[in-house]
Amino acid sequence: GQKLKVKIPKKANMEKRTFVVSVPGPKVTAPDLRENNFPKEFKEALYIFAGVFDDWCVAEGEYNQSLSLIKRKPFKANVEKLKKFDDLVNEFPKNLATPVDISYLRKIVRQERSNKSRRDKRKDSSGSGNSAVAGVGDSTAEKQQESEIHIPQKGTEFLSIAFCRQDFE
């Protein structure tokens with residue numbers, strides 16, 4: 001059976017060695033709210049929007065730095081990058097079971113970026129032919145080499161093959 005740890009109450013009758021304890025029932029939690037599930041096209045569009053907005057912030061920051069001190073506006077690219085979803089959040093309905101907020105949109109972009117990098121790594125490693133050898137840092141194009149293969153013949157006399165160091169590099 002199941003063993004429970006209980007505390008002996010002060011009013012316990014120790015002569016009869018009986019006492020009554022109450023065991024709390026399991027905690028009932030409210031049902032978890034489902035997350036909003038956006039279609040793949042929306043996630044990709046959001047990822048593209050985030051990338052383009054970040055590029056715009058960097059370009060605007062560089063342009064602002066190139067201006068003279070009089071014409072320069074106070075513009076910090078990193079601060080502006082964080083504001084990319086501020087206006088976009090207001091476009092979603094407010095009466096959703098799980099409201100769409102800025103942190104949720106950032107999460108979608110983060111997941112999409114991670115998925116895209118994983119797909120690209122998989123594509124690179126499967127394209128090279130040997131996925132066990134291809135590592136994380138293999139981003140250089142592999143050089144194609146032509147080599148002559150000599151198949152041994154039957155018999156006791158064989159061709160002599162000259163090797164050079166370049167064959168093994």
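For the structure, check the block above.
Small disclaimer: the values here were computed from a predicted structure and weren't measured.

Conventions and cut-offs
- Residues numbered from 1 in each chain as written.
- Predicted model: local features only at pLDDT ≥ 70, side-chain atom pairs only at ≥ 80, totals over all residues.
- Heavy atoms only, no water.
- Helix = DSSP H or I, 4+ residues; strand = E, 2+ residues; numbered from the N terminus.
- Polar contact = N/O pair within 3.5 Å; in protein donor to acceptor, adjacent residues only side chain to side chain.
- Contact = heavy atoms within 4.5 Å.
- Core = buried A, V, L, I, M, F, W, Y, C linked by side-chain atoms within 4.5 Å.
- Buried < 20%, exposed > 50% of the residue type's maximum accessible area, 1.4 Å probe, protein only.
- Axes fitted to C-alpha atoms, helices over the stretch in contact; angles between N-to-C directions.
- Parallel < 35°, antiparallel > 145°, perpendicular 65-115°, else oblique.
- Nonpolar A, V, L, I, M, F, W, Y, C, P; charged D, E, K, R; others polar.

Draft legend 1. Looking closely at the side chain of Lys 84. Assignment of secondary structure puts Lys 84 in the loop between helix 2 (77–82) and helix 3 (86–89). At a separation of 2.7 Å, a polar atom in the side chain of Lys 84 contacts the side chain of Asp 54. Sequence-distant contacts of Lys 84, defined by excluding residues within four places in its chain, comprise Phe 49, Ala 50, Phe 53 and Asp 54.

Draft legend 2. Just the nonpolar core, in detail. One finds Phe 38, Leu 46, Ala 50, Phe 85, Val 89, Phe 92, Val 100, Tyr 104, Leu 105, Ile 108 and Val 109 forming the largest nonpolar core, which totals 11 residues. When contributions to this core are tallied by element, the ones reaching two or more residues are helix 1 (40–66) and helix 4 (102–127). Sort the elements by how many residues they give to this core and helix 4 lands first, with four residues. Ignoring sequence-local partners within four residues, the contact set of Leu 105 consists of Leu 46, Phe 85, Leu 88, Val 89, Phe 92 and Val 100.

Draft legend 3. Focus on the packing of helix 1 against helix 4. For the pair helix 1 and helix 4, interaxial distance at closest approach is 9 Å and the crossing angle is 95°. Taken together, the axes of helix 1 and helix 4 lie roughly perpendicular to each other. Contacts between helix 1 and helix 4 pair Lys 43, Glu 44, Leu 46, Tyr 47 and Ala 50 from the former with Leu 105, Ile 108, Val 109, Glu 112, Arg 113 and Lys 116 from the latter. Considering only residue class, the contact of helix 1 with helix 4 consists of six nonpolar, no polar and five charged.

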